[in-house]
Amino acid sequence: VALREHAEGGVLGSRGYGRPQLRAPCVSSCHTKERSYESPDAKAPEELTTHVRRIARAMHVRNPDRIEVFISRGFSSVSGGCALWPNGAVIGVPRTFLFRNRSDVERSGLRLQNEDIDWNSDIGQKLAHLLVPSAQEMNFRIAHELAHVELLDPLVKVPLASTALVASYHLALVAPRFLPRLANTGFPLMFGAGLFVYLQLSSALGRWMEFRADRRAALCKKSYTEGGIDFMRKSIELESVLQPSTQISISQLISSLSHHPDHQERLDKLEKLLFITNWDFN
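Keep in mind that what you see is a predicted model, and the values were worked out from it rather than measured. (Residues numbered from 1 in each chain as written. Predicted model: local features only at pLDDT ≥ 70, side-chain atom pairs only at ≥ 80, totals over all residues. Heavy atoms only, no water.)

Here's the deal with the environment of A164
Turning to step 1, where the next piece is worked out: Residue position: A164 is located in helix 6 (residues 153-178).
Turning to step 2, where the next piece is worked out: On the basis of relative accessible area, A164 is assigned to the buried category, the value being 14%. (Helix = DSSP H or I, 4+ residues; strand = E, 2+ residues; numbered from the N terminus. Buried < 20%, exposed > 50% of the residue type's maximum accessible area, 1.4 Å probe, protein only.)

Here it is as structure tokens:
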């Protein structure tokens with residue numbers, strides 16, 4: 001569940017909410033000199049896995065060799081598991097990490113609203129520019145997911161969810177005893193109220209975790225902070241390209257209910273960190 005929530009939080013996540021969607025075929029359409037990928041989610045090239053583990057060591061994440069890296073068919077980075085456990089943790093990086101230039105984007109098979117993209121059009125040119133990440137952006141996003149693993153964020157919501165469901169169930173059973181008028185409707189009302197409270201707490205916790213992971217990643221190195229800022233700015237611009245202006249209020253509403261904060265909120269916080277002088281990395 002935590003892995004899915006991370007995946008859905010990205011600017012190009014699987015949810016459309018009525019706005020134009022940029023869809024990608026399986027990663028099998030994305031090739032590198034070393035290998036081609038024949039499955040929806042594929043193991044990352046060895047050099048990328050080595051790079052992720054190198055950053056993990058610099059961040060003092062325990063057992064970095066237990067962190068596996070894969071290329072997601074989507075556009076969001078994801079993380080799950082725990083490096084302290086025997087099975088370790090996983091980091092999923094978006095397929096855009098394989099894009100080095102505009103030609104890679106054009107050959108990727110991306111479609112907009114299930115139609116081929118005219119890469120010479122204004123939208124096509126903007127997309128081609130925005131979908132090629134810089135090294136700084138990639139380092140920030142990797143460090144962000146490693147921060148989730150280091151701080152055990154993917155595991156925290158598991159006991160929270162189970163505890164909330166059990167508590168809501170027992171509350172719904174007990175409530176009618178004290179409120180006889182709710183004898184017939186008390187169970188669904190109290191159970192629903194418990195779930196509502198859980199969703200609010202889970203959302204608030206998820207947003208706090210995202211801000212914390214942003215800060216942890218940004219404080220690694222100034223270039224990581226700059227990469228995070230560039231990523232947020234690109235995400236905001238990408239939303240403006242894919243989303244009609246009439247849909248902005250809907251997007252903001254969805255963001256307010258999501259486990260991920262609005263990109264502008266994250267950008268504002270990251271910009272304040274540029275003035276930090278004591279970075280974690282030398």
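As for the pattern of salt bridges
Turning to step 1, where the next piece is worked out: As enumerated under the stated definition, the model contains eleven salt bridges in all.
Turning to step 2, where the next piece is worked out: A salt bridge links R216 to E150; its shortest N-O distance comes to 3.0 Å. In this pair, R216 is assigned in helix 7 (residues 186-218) and E150 in helix 5 (residues 135-150), connecting sequence segments 66 residues apart.
Turning to step 3, where the next piece is worked out: E271 is paired through a salt bridge with R233; the nearest N and O atoms lie 3.0 Å apart. (Salt bridge = Lys/Arg side-chain N within 4 Å of Asp/Glu carboxyl O.)

Some remarks on the packing of helix 8 (residues 222-242) against helix 10 (residues 263-272)
Turning to step 1, where the next piece is worked out: Where helix 8 contacts helix 10, the axes come no closer than 9 Å and their chain directions differ by 155 degrees. Compared by their axis directions, helix 8 and helix 10 come out roughly antiparallel. Pair helix 8 / helix 10 crosses with left-handed handedness. The residues of helix 10 that touch helix 8, namely those facing T225, G228, I229, M232, R233, S235, I236 and E239, are H263, Q264, R266, L267, L270 and E271.
Turning to step 2, where the next piece is worked out: Classifying every residue of the contact of helix 8 with helix 10 by side-chain character gives five nonpolar, five polar and four charged. (Axes fitted to C-alpha atoms, helices over the stretch in contact; angles between N-to-C directions. Parallel < 35°, antiparallel > 145°, perpendicular 65-115°, else oblique. Left-handed = near helix turned anticlockwise from the far one by under 90°. Contact = heavy atoms within 4.5 Å. Nonpolar A, V, L, I, M, F, W, Y, C, P; charged D, E, K, R; others polar.)

As for the packing of helix 2 (residues 46-58) against helix 5
Turning to step 1, where the next piece is worked out: For the pair helix 2 and helix 5, the least separation of the axes is 10 Å and the interaxial angle reads 60 degrees. Of the two elements, helix 2 crosses helix 5, and the hand of that crossing is right-handed. Contacts between helix 2 and helix 5 involve L48, H51, V52, I55 and A56 from the first element and N139, I142, A143 and L146 from the second.
Turning to step 2, where the next piece is worked out: Grouping the constituent residues of the contact of helix 2 with helix 5 by class yields seven nonpolar, two polar and no charged.

Things to note about the confidence of the model for the chain
Turning to step 1, where the next piece is worked out: Averaged over all residues, the pLDDT of the chain equals 78, while 75% of them reach at least 70.
Turning to step 2, where the next piece is worked out: By mean pLDDT, helix 1 (residues 2-8) is the weakest element of the chain at 35, and helix 5 is the strongest at 96.
Turning to step 3, where the next piece is worked out: Residue range residues 1-20 is modelled with pLDDT below 50. Its contacts to residues more than four positions away, or to other chains, number 48 contacts.
Turning to step 4, where the next piece is worked out: Ignoring residues within four places in sequence, the model shows residues 25-39, a span with pLDDT below 50, making 36 contacts including any to other chains. (pLDDT = per-residue confidence, 0-100.)

Let's talk about helix 10
Turning to step 1, where the next piece is worked out: Looking only at helix 10, the buried set comprises H263, R266, L267 and L270. Each buried residue of helix 10 sits inside an arc of 100 degrees when the element is viewed along its axis, so together they form one side. (Arc of directions from axis to C-beta.)

Some details on the pairing of strand 3 (residues 67-72)
Turning to step 1, where the next piece is worked out: Across the six residues that make up strand 3, a large majority, five, are buried.
Turning to step 2, where the next piece is worked out: Bridge count for strand 2 (residues 42-43) against strand 3 is two bridges, and the pairing is antiparallel. Paired with K43 across the two strands is F70, which belongs to strand 3.
Turning to step 3, where the next piece is worked out: Here six bridges tie strand 3 to strand 5 (residues 89-94), and the two strands are oriented parallel to one another. Among the inter-strand pairings, I71 is bridged to a residue of strand 5, identified as V93. (Pairing = 2+ DSSP bridges.)

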